[in-house]
Amino acid sequence: MLIIALAGNRNYNSASINNQGSNGNYWSSSPNGINAYKLYFNSTNVYPTNSNNRANGFSLRCFKDLLENIEIMENSSKQQLLLDIFQAYFDARVNKRQTANALAFEAGYEKKLFKLFEDIIYRRYKIGPSICFVVEKPVRREIFAADFRDRIVHHLIFNYINPIFEKNFIYDSYSCRLGKGTSLGIKRVAHFIRSESENYQKDCWVLKLDIKGYFMSMDRNILYKKILEKLKAQKRTNFDLDLILYLIHEVIFNDPTKNCQIKGPRENWAGLARSKSLFFAAKDKGFPIGNLTSQLFGNIYLDEFDHVIREKFGIAKYGRYVDDMVFVHSNQATLRLLVTKVKAYLLNDLGLTLHPNKIYLQYYKKGLNFLGVHIKPYRIYINHKTKSNLYYRIEEWSRLSLSEKRDKKFLAALNSYLGIMQHYNTWSLRKKIVFNFADFYQISQEFKKLSLAKLSVNNTINV
């Protein structure tokens, strides 16, 4: 196979080379006079075959050899799949483009995407090894980082099936959903409390529940059955259903512990609860934390449960972020009984266990810890764990050299905390924190952001 690395085209009049490194074309090897079929792509899009004059001097990339047969490209569904794989690649590299894994894939990525396309349509796709490690912040957990090629497949699956399941998700499921997240979850739960207490004038109680080792306890067979039934029930899909079910099956039933690279010493796992490690998960159970598909699967797995809470158990003021669940009701006895109902449903229908040490039922005025904040009547504070993580970051920063202190990645981490804090009652805390950095960063008004703008000798802080 002949592969010309330089993308672009040569003007047939002046012989000058245009669009070097940004545009590329794959030619078929079946010319029709001076014309031939061509697949064109650039850094953000890919376009299906068309007929073009070969005298234009486009870089020669013979995709008959690469795709085995030009008829593949004449099949509209296969063309669309190829376009969707390229789109999944662009999605996968968002905010990941400078990582070693993404950079390694980007070198000659067009050829690699065509190879991935081939492997998928001929059912040859196999999941590669993950990198496994333990993180300490914000909470201690085991992470399996998939190979970048597999991340592309995760995005492909997500782009196809998420819109189908999204239609059925309750509004108050906040994780891994466009336009939602922790901020909305906090606002909604605060609204539930204010509404049920009639603007803090009447009694109400808050119940908070957690599932023990949620991702490590999800049953793969139960999940696949839920996905299969939902997709099979669709009258029409904009993708090859059997092909995508094949990919979903590969992802769901892949055991990343059988083919992974351990990063860091084994001692990092010391003290990590078995319920938080895939290495101790039961047969056909568990999904790796860190994959886009795992987040989507987490929502799908508890979707029916969400509807049971609302429609069968009659709890209207209910919200969930992954497996953190909050229920608000004016009757304390109703919530006590609900614990028993939830425990039985999770165990009998989903094979999940309610965490016995994380059942909180309390009067609303005592406040609620949820998604990094402490919710009280009329105000919301950053909770102790979030502040502790922030102070850990500040201590870490204090040990850095001068050049390291102005590192953009570290600055981004600090600004992420300030970005969260500015939405809540934290003016005094932000003021106290940012003065640690007054000699190194420029501080915005209201202490909302730090920047690397050059500081003058007599720099002052605008408040």
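The subject of this paragraph is helix α8 (residues 220-232). Spanning 13 residues, α8 covers 18 Å between terminal C-alpha atoms, matching the ideal 18 Å at 1.5 Å per step. Buried within α8 we find R220, L223, Y224, K226, I227 and L231. Across the axial projection of α8, the buried residues extend over an arc of 160 degrees, all falling on one side. Buried residues along α8 sit against α5 (148-166), α9 (241-252), α10 (292-301), α11 (303-312) and α12 (332-350).

Along its 14 residues, helix α15 (residues 408-421) runs 20 Å from first to last C-alpha, staying within 8% of the 20 Å computed at 1.5 Å per residue. Among the residues of α15, F410, L411, A413, L414, N415, Y417, L418 and M421 are the ones counted as buried. Check the buried side of α15 and you find it contacts β15 (379-382), α13 (384-398), α16 (427-434) and β17 (450-451).

To continue, consider the packing of α11 against α12. In contact at an axis separation of 12 Å, α11 and α12 are set at 150 degrees when each is read in the N-to-C sense. Classed by the angle they form, the pair α11 and α12 counts as roughly antiparallel. You can see that α11 and α12 cross each other, and the crossing is right-handed. The segment α11 lies against α12, with E304, F305, V308 and I309 engaging L338, V342, Y345, L346 and L350.

The next subject is a positive patch on the surface. Together, R141, K276, K358 and K385 line one region of the surface with positive charge. Mapped onto the secondary structure, K358 falls in the loop between α12 and β12 (360-363).

Our next topic: the packing of α13 against α15. Relative orientation and spacing of two packed helices are given, respectively, by the angle between their axes and the distance between those axes. Relative orientation of the contacting elements α13 and α15 amounts to 155 degrees, with a least axis distance of 11 Å. It follows that α13 is roughly antiparallel to α15 by the angle criterion. Relative to α15, α13 is oriented so that their crossing is left-handed. Where α13 approaches α15, its residues T386, N389, L390, R393, E396 and W397 are matched on the opposing element by F410, A413, L414, Y417 and M421. A per-class count over the contact of α13 with α15 returns seven nonpolar, two polar and two charged.

Procedures and definitions
Residues numbered from 1 in each chain as written. Predicted model: local features only at pLDDT ≥ 70, side-chain atom pairs only at ≥ 80, totals over all residues. Heavy atoms only, no water. Helix = DSSP H or I, 4+ residues; strand = E, 2+ residues; numbered from the N terminus. Expected span 1.5 Å × (residues − 1). Buried < 20%, exposed > 50% of the residue type's maximum accessible area, 1.4 Å probe, protein only. Arc of directions from axis to C-beta. Contact = heavy atoms within 4.5 Å. Axes fitted to C-alpha atoms, helices over the stretch in contact; angles between N-to-C directions. Parallel < 35°, antiparallel > 145°, perpendicular 65-115°, else oblique. Left-handed = near helix turned anticlockwise from the far one by under 90°. Patch = residues over 30% accessible without salt bridge, like charges linked within 9 Å, V, L, I, M, F, W, Y side chains within 5 Å. Areas by Shrake-Rupley, 256 points an atom, 1.4 Å probe, with all protein chains shown as cover. Salt bridge = Lys/Arg side-chain N within 4 Å of Asp/Glu carboxyl O. Lys, Arg positive; Asp, Glu negative; His and termini not counted. Charge placed at Lys NZ, Arg CZ, Asp CG, Glu CD. Nonpolar A, V, L, I, M, F, W, Y, C, P; charged D, E, K, R; others polar.

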